[in-house]
Amino acid sequence: MWLVKILLFALFLVFLVQNNTELVGIWPISEASSESTLMVGVSVVYLAMFFLGYFCGRLSAWSAYAPLRMQLRKQKKENKALSKEHEKLNIEHEKLNHQFSSLQEEAEKAERKSGFSFNQKIKKFFSKPSLEDK
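Structural notes, computed from the coordinates.

Reading guide: rules and limits
Note on numbering: residues in each chain are counted from 1, in written sequence order. Note on the predicted model: pLDDT of at least 70 is required for a residue's local features to be given, and 80 or more for side-chain atom pairs to be given and counted; whole-chain, interface and lining totals, by contrast, use all residues. Heavy atoms from the whole structure form the basis of all side-chain values; hydrogens and water molecules are not counted. Only DSSP runs of H or I reaching four residues or more are called helices, and only runs of E reaching two or more are called strands; each is numbered from the N terminus. The contact criterion used throughout is that any non-hydrogen atoms of two residues lie within 4.5 Å. Centres within 6.5 Å make a pair out of two Phe, Tyr or Trp rings, where for Trp the six-membered ring is used; the pair is then stacked when the planes are under 30 degrees apart, edge-to-face when over 60, and tilted otherwise. Only protein chains enter the accessibility calculation, which uses a 1.4 Å probe; a residue is then buried when its area is under 20% of its type maximum, exposed when over 50%, and partly exposed in between. Sitting over a ring, as applied to charges here, requires NZ of Lys or CZ of Arg to be within 6 Å of the ring centre and within 35 degrees of the ring normal. Residues qualify for a patch when their relative accessible area is over 30% and they have no salt bridge, like charges being joined within 9 Å and the nonpolar side chains of Val, Leu, Ile, Met, Phe, Trp and Tyr within 5 Å. Only the protein chains shown count as cover for residues, with accessible areas throughout obtained via the Shrake-Rupley method and a probe of 1.4 Å. For this analysis, a salt bridge means a side-chain nitrogen from Lys or Arg found within 4 Å of a carboxyl oxygen belonging to Asp or Glu. Here the axes come from fitting lines to C-alpha atoms, over the contacting stretch only for helices, and the angles between their N-to-C directions go from 0 to 180 degrees. Angular relationships are summarised with four words: roughly parallel below 35 degrees, roughly antiparallel beyond 145, roughly perpendicular across 65 to 115, and oblique for the angles in between. Crossing handedness follows the turn of the near helix against the far one: under a right angle anticlockwise gives a left-handed crossing, and clockwise gives a right-handed one. For this classification, Asp, Glu, Lys and Arg are treated as charged, while Ala, Val, Leu, Ile, Met, Phe, Trp, Tyr, Cys and Pro are nonpolar and the rest, including Gly, are polar.

Here we look at the side chain of Ser43
Then, in step 1: Residue placement: Ser43 occurs in helix H3 (residues 42–64).
Then, in step 2: Contact partners of Ser43, with chain neighbours within four places excluded, come to Leu16, Asn19 and Asn20.

Section: the packing of aromatic side chains
Then, in step 1: Counted under the stated rule, the structure contains seven aromatic pairs.
Then, in step 2: Judged by centre distance (5.7 Å) and plane angle (70°), the ring pair of Phe50 and Phe51 falls under edge-to-face.
Then, in step 3: Given the relative accessible area of 35%, Phe51 is considered partly exposed.
Then, in step 4: A cation over a ring is seen here: Lys5 above Trp2, with NZ or CZ 4.6 Å from the ring centre.

Concerning a nonpolar patch on the surface
Then, in step 1: A contiguous nonpolar patch, built from Trp2, Ile6, Phe50, Phe51, Tyr54 and Phe55 and spanning about 650 Å² of accessible area, is present on the exposed surface.
Then, in step 2: Those elements that provide at least two residues to the nonpolar patch are helix H1 (2–18) and H3.
Then, in step 3: It is H3 that provides the largest number of residues to the nonpolar patch, a total of four residues.
Then, in step 4: Within the fold, Phe51 resides in helix H3.

Focus on the packing of H1 against H3
Then, in step 1: Between H1 and H3, the shortest axis-to-axis distance is 10 Å and the interhelical angle comes to 155°. As judged from the angle between their axes, H1 and H3 are roughly antiparallel. For the pair H1 and H3, the sense of crossing is right-handed. The segment H1 lies against H3, with Trp2, Lys5, Phe9, Phe12, Leu13, Phe15 and Leu16 engaging Ser43, Tyr46, Leu47, Phe50, Phe51, Tyr54 and Arg58.
Then, in step 2: Among the residues forming the contact of H1 with H3, the class breakdown is 11 nonpolar, one polar and two charged.

Printed below as a string of structure tokens:
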């Protein structure tokens, strides 16, 4: 984008240099004092109008996107708050996972000590009865 702007500005400057032969009076100054008028080149007037138009256009674009910038700032704040909440919940989830795994380990140790296993009981319940059991 900047490359296009630089190219157009260079072409405009070449145009101004080529057409720098005519002198004109500045409007408010030339009518106020008729004996000594201030004369400037047409290329200076064109250059001043170019910069004035460019800055007016930039100001217009900046003001047109003000609601969008406001909305983006609002979403950024919301995202930051949600990110903090997510981090807190993630830490809590890790703590709960750790507690769950430690409880599972304790239950397995208790099963080994007592000799009672729920899995073994379920396997015995669904297995075929042997001849000795009858």
